[in-house]
Amino acid sequence: GSNLVVTPNTLSSMVAQKWVHLAFTRDGHNFKAYIDGKQIGRLPIEGKSAGYGFGTQRFYVGNRHTGQGFIGTIDEVKIYKRALSAEEIGQLSSN
């Protein structure tokens, strides 16, 4: 199946040593990824389970299923019970 993965190549336009706001949402239809409040990707769910912990889709923070880890610092991780709107993500990224 398809994956929505934020990799160093995705972040290549970012300057090293710079803090960025990353956000990911999953609703009943799509996975979406945002950098600094701007949507950078979308992946249709296509009938996959919309609940975390069910089906074959997993969500990783700072590590991939291959064991490849993130090099850097991850701060202020928040998980919500619903998908935030693009407007809400924009407001969070500007704080």
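Anyway, here's the lowdown on the structure attached to this text. Treat the numbers as computed from the prediction; the structure is a model and nothing was measured. (Residues numbered from 1 in each chain as written. Predicted model: local features only at pLDDT ≥ 70, side-chain atom pairs only at ≥ 80, totals over all residues. Heavy atoms only, no water.)

1. Comments concerning the overall build of the protein
(1) Moving on: Counting its regular elements, the protein contains 1 helix and 3 strands.
(2) Moving on: What you see in the protein, going N to C, is helices and strands ordered as β-β-β-α.
(3) Moving on: Counting all 95 residues of the protein, 16% fall into the buried class.
(4) Moving on: The contacts in the protein between residues at least 6 apart in sequence include a share of 39% that link residues at least 24 apart.
(5) Moving on: Carbon and sulfur atoms provide 50% of the accessible area of the protein, an area that totals close to 7,500 Å². (Helix = DSSP H or I, 4+ residues; strand = E, 2+ residues; numbered from the N terminus. Buried < 20%, exposed > 50% of the residue type's maximum accessible area, 1.4 Å probe, protein only. Contact = heavy atoms within 4.5 Å. Areas by Shrake-Rupley, 256 points an atom, 1.4 Å probe, with all protein chains shown as cover.)

2. Looking at unusual backbone geometry
(1) Moving on: Despite not being glycine, Asp36 has its phi angle at roughly 50 degrees, a positive value.
(2) Moving on: Position of Asp36 among the secondary structure elements: in the loop between β2 (30-35) and β3 (38-44).
(3) Moving on: For Asp36, a relative accessible area of 34% corresponds to the partly exposed category.
(4) Moving on: You will see that Glu76, though not glycine, has its phi angle at about 55 degrees, which is positive.
(5) Moving on: In this fold, Glu76 is placed in the loop between β3 and α1 (86-93).

3. Quick word on the environment of Val20
(1) Moving on: Inspection of the secondary structure assignment puts Val20 in the segment before β1 (22-26).
(2) Moving on: Since its relative accessible area comes to 26%, Val20 is described here as partly exposed.
(3) Moving on: Measuring from C-alpha to C-alpha, the distance between Val20 and Gly37 comes to 9.6 Å, with 17 residues separating the pair along the chain.

4. Notes on the environment of Glu88
(1) Moving on: With respect to the helices and strands, the residue Glu88 is situated in helix α1.
(2) Moving on: Distance from Glu88 to Gly37, taken between C-alpha atoms, is 8.8 Å for residues 51 residues apart in sequence.
(3) Moving on: Side-chain polar atoms of Glu88 contact the backbone nitrogen of Ser85, separated by 2.8 Å. (Polar contact = N/O pair within 3.5 Å; in protein donor to acceptor, adjacent residues only side chain to side chain.)

5. What about the sheet that holds β1?
(1) Moving on: In spatial order, the strands read β1-β2-β3; together these 3 strands make up an open sheet with antiparallel pairing. Every other strand in the sheet has two partners, leaving β1 and β3 as the edge strands with one partner each. Between one strand and the next, the sheet's axes are offset by a mean angle of 15 degrees, whatever the strand orientation.
(2) Moving on: Strand direction decides the pairing type here: β2 and β3, joined by 6 bridges, are antiparallel. Bridging across to β3, Phe31 finds its partner in Leu43. (Pairing = 2+ DSSP bridges. Axes fitted to C-alpha atoms, helices over the stretch in contact; angles between N-to-C directions.)

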